[in-house]
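Results of the structural survey
Listed below are the residues making up each chain.
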Protein chains: 2
Amino acid sequence: MRDVSIIGTGQTPVGEHWDTSLRHLALEAIKSAAKEADIDHVDGLFVGNMLAGELSGQGNLGALIADFVGLRGVEAVTVEAASASGGAAARQAYLAVAGGVMDFAVVVGVEKLSDVVGSAAITAQATATDSDYEAAHGVTPLAIAAMMMRRYMHEYDAALADFASFSVNAHDNAATNPYAMFHNKLSVRSFVKAPLVADPINLFDAAAPADGAAAIILAPTAWARERGDGSIRIAASAAATDALALAERREPLWLAAAEKSAGAAYRQAGVTPGHIHLAELHDAATVLAALSLEACGFVERGGGVNFAKSGGITREGRLPISTLGGLKGRGDPGGATGVYQLVEVAQQLRGQAGPNQIAHARVGLAQSLGANGATAITHILMKDE
Amino acid sequence: MRDVSIIGTGQTPVGEHWDTSLRHLALEAIKSAAKEADIDHVDGLFVGNMLAGELSGQGNLGALIADFVGLRGVEAVTVEAASASGGAAARQAYLAVAGGVMDFAVVVGVEKLSDVVGSAAITAQATATDSDYEAAHGVTPLAIAAMMMRRYMHEYDAALADFASFSVNAHDNAATNPYAMFHNKLSVRSFVKAPLVADPINLFDAAAPADGAAAIILAPTAWARERGDGSIRIAASAAATDALALAERREPLWLAAAEKSAGAAYRQAGVTPGHIHLAELHDAATVLAALSLEACGFVERGGGVNFAKSGGITREGRLPISTLGGLKGRGDPGGATGVYQLVEVAQQLRGQAGPNQIAHARVGLAQSLGANGATAITHILMKDE
């Protein structure tokens, strides 16, 4: 095992890219990352994708994208773990470089969710639930999040308006991120009046399915240091799972996989939650942001919503989250999202987040959740000084 | 990098399992493998699957299967590379164990292709082609293989009957494999008279899409040796890609990815094609078996069909292939197929192939192809003595 660093990052704007195919989105992100990395060869490509087969009729994205970006012949594979696919692809690439099998690995998360609308889109999204015991009864991923939110409101005596701070913060930060899907600010008043999507989750509570691609390039830290242009070290990489079906989990309001993978990541990096300067969490719905804060140990159980309400998650707060918009503000391109999170944490640690920059950011956490927490991949990045 | 061994194998019969779900198939294969491996914990689960999202409405098989087989919490992920998904999942697990991140990794290939028939099944299979430039014009994976076969017949002056030996050999071997889909023998006469599927490929030329699951468990070779019950060492693991679209490949009759990954595998294992005692190749259509023999260097270019015709591929031949039926005789459960190949090579090296046993088998090769050769994963296994 050797240390691994991120030596290049790239991303496309997140949005509705009806005129751009999967391969073109991937190319755009990889090109930017390759320009930054400036390396003369690549040993492997890891694609994070969730629904290309279902929505674009395209499988085997590994070979397809390798060829299209000029890497024909290179080892390439697609990694899937529902909405954690991007984080999972990054972890597989990390394993290859850390283990010494590869020196330079490209990770690209790419997804097109907006081409298909209506019931076909819902059916595709529902593959992230337990198809026999949830989807078969009409349950979608967002419906599961809605049940979690309803339970949270009951258990911790929270009102709808109490969740607003997550979305307000996300839109505040997205407003100045040129790659984000939404640039409009959001008020608590708008939040509570938004039309319902899956009661109690409304339009401004849920992240929008979107299209986009993000890429990172990994290399051995020793190599990056020798070159000496201040890379970002992956101080920890950890993955864990939980039951897919909500009814099968030990506690519906506890993200056990998130807790397990974050805990393993803290141990690997030799840090505690208090050392983390910013976190990109999987805020596909506000309740997931709250539960992630709790599972990662940033706040006590049941304290997520109040922490957000009291300003703890803003750029000036104790633990800034969704610093470039998060899933809610940047948009949620499925299997690409986990790679966007890593790109954004790297941006912050490098001091390249522009108006969104967090002061003194040296340690950042990115956590990618699949299927409302059935899969959790946690990475901790550190500025390599 | 440390050596990795296979310490357990399991498989379900291949067939049409209408009454058994993905998770139950996976459980059956993993249970058998776990019984053989007899270990007290597992560090990770790697699922090879191609079409569960499209055909069973189920994504995130990693978390789902981990939970169902009693491994809730364990790191788990799905790996996809079209019909090479099983080989690709094995390679990811190999990377994790070889790199020292995991000690014990479970690989399960699982697929259900027979639940859905008609155009939906064809559409799903076609995700393995280039959707924009092939599937959009109605081209399916088998149609691509048919074009390759037609070209092969033209280029090397081969007749339909010349390809029969591949299927005859596959059925001969499947007849005595209790896990195989077909137990009927096949004559050259039946082969040439079979109804066409995609001209010139006929019913007895193409492997049947099927359901099934196969599993292997990996551990460090040093650990396996200490326990001392004769494990199978993974002497090489290599992957490569080519263009997805046939028209984009340098030569339609040359499996460049198969050549590249086999070449890398030979170098890793320190062997030449002449050292291989048996090979499980991706005979989804007979022409792919012929081209694989050529790309792997077992015969000269254009010599694959004649090699088979002269008996080179039978159990007593110079290079036995499809020794337990291959894709044609055992059946082709998509993303599970690559793991079946590894299980079968391990069976041979352990001397557990029953009536199908190859004499003096100590080095075996398994090659998993995705999308008619756009992805190729080659493993070389050796009896660890």
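Residues numbered from 1 in each chain as written. Chains lettered and ligands numbered in written order. Predicted model: local features only at pLDDT ≥ 70, side-chain atom pairs only at ≥ 80, totals over all residues. Heavy atoms only, no water.

This next bit is on the pairing of strand 4 (residues 105-112) of chain B. All names here are of chain B. Within strand 4, eight of the eight residues are buried, which leaves it mostly tucked inside the rest of the structure. A two-sided burial pattern is seen for strand 4, the buried positions comprising Ala 105, Val 107, Gly 109 and Glu 111 on one face and Val 106, Val 108, Val 110 and Lys 112 on the other. The pairing of strand 4 with strand 7 (residues 211-220) spans eight bridges and is classified as antiparallel. Among the inter-strand pairings, Val 108 is bridged to a residue of strand 7, identified as Ala 215. (Buried < 20%, exposed > 50% of the residue type's maximum accessible area, 1.4 Å probe, protein only. Helix = DSSP H or I, 4+ residues; strand = E, 2+ residues; numbered from the N terminus. Pairing = 2+ DSSP bridges.)

The transform that puts chain A on chain B rotates by 180° and translates by 0.0 Å along the axis, for an RMSD of 0.0 Å. A rotation of that kind, with that shift, is consistent with a two-fold axis. Taking C-alpha positions as the reference, the residue of chain A nearest the rotation axis is Gly 99 of chain A, at 1.8 Å. Here 100% of the interface residues in chain A have copies in chain B that are interface residues too; the copies meet face to matching face. (Least-squares fit on C-alpha atoms with pLDDT ≥ 70 in both. Contact = heavy atoms within 4.5 Å.)

A few words on the nonpolar core. Of all hydrophobic cores here, the largest spans 86 residues; its most connected members are Ile 216 and Leu 218 of chain A together with Ile 216 and Leu 218 of chain B. For Leu 218 of chain A, the contacting residues outside a window of four places in its chain are Val 4, Ser 5, Ile 6, Ala 90, Ala 93, Tyr 94, Val 97, Asp 103, Phe 104, Ala 105, Val 107 and Ile 234 of chain A. (Core = buried A, V, L, I, M, F, W, Y, C linked by side-chain atoms within 4.5 Å.)

All names here are of chain A. As assigned here, chain A comprises domain 1 (4-117 + 209-227) and domain 2 (136-206 + 240-383). In this complex, domain 1 contributes 40 residues to the contact, which on the side of domain 2 involves 28 residues. Three residues, Gln 11, Val 14 and Ser 83, lead the burial of domain 1 against domain 2; their summed loss comes to 29% of the area buried on that side. If you look at where domain 1 meets domain 2, you find one salt bridge. Connecting domain 1 to domain 2 are 12 residue pairs in polar contact (both at pLDDT 80 or more). Those elements that provide at least two residues to the side of domain 1 that touches domain 2 are strand 1 (4-11), helix 4 (85-98), strand 4 (105-112) and strand 7 (211-220). Of the residues in the side of domain 1 that touches domain 2, the class split is 21 nonpolar, 14 polar and five charged. (Domains from an automatic or database assignment. Buried area = accessible area lost by both parts, 1.4 Å probe. Salt bridge = Lys/Arg side-chain N within 4 Å of Asp/Glu carboxyl O. Polar contact = N/O pair within 3.5 Å; in protein donor to acceptor, adjacent residues only side chain to side chain. Nonpolar A, V, L, I, M, F, W, Y, C, P; charged D, E, K, R; others polar.)

Once that is clear, we can look at the interface of chain A and chain B. Between chain A and chain B, the contact holds 57 residues from the first and 57 residues from the second. Considering only the side of chain A, the residues that lose the most area to chain B are Asn 60, Arg 72 and Thr 241 of chain A, jointly responsible for 15% of the buried surface there. Linking chain A with chain B are eight salt bridges, by the criterion used here. Note that Arg 23 of chain A is salt-bridged to Asp 132 of chain B, the shortest N-O span being 3.2 Å. Between chain A and chain B we count 29 residue pairs in polar contact (both at pLDDT 80 or more) in total. Within the residue set of the side of chain A that touches chain B, elements represented by two or more residues are helix 2 (52-56), helix 3 (61-68), strand 3 (75-80), helix 4 and strand 8 (232-241) of chain A. Tallying contributions element by element places strand 3 of chain A first for the side of chain A that touches chain B, with six residues. Partitioned by chemical class, the residues of the side of chain A that touches chain B number 25 nonpolar, 18 polar and 14 charged. In this sheet, strand 3 (residues 75-80) of chain B lies alongside strand 3 of chain A in antiparallel orientation, the contact comprising three bridges.

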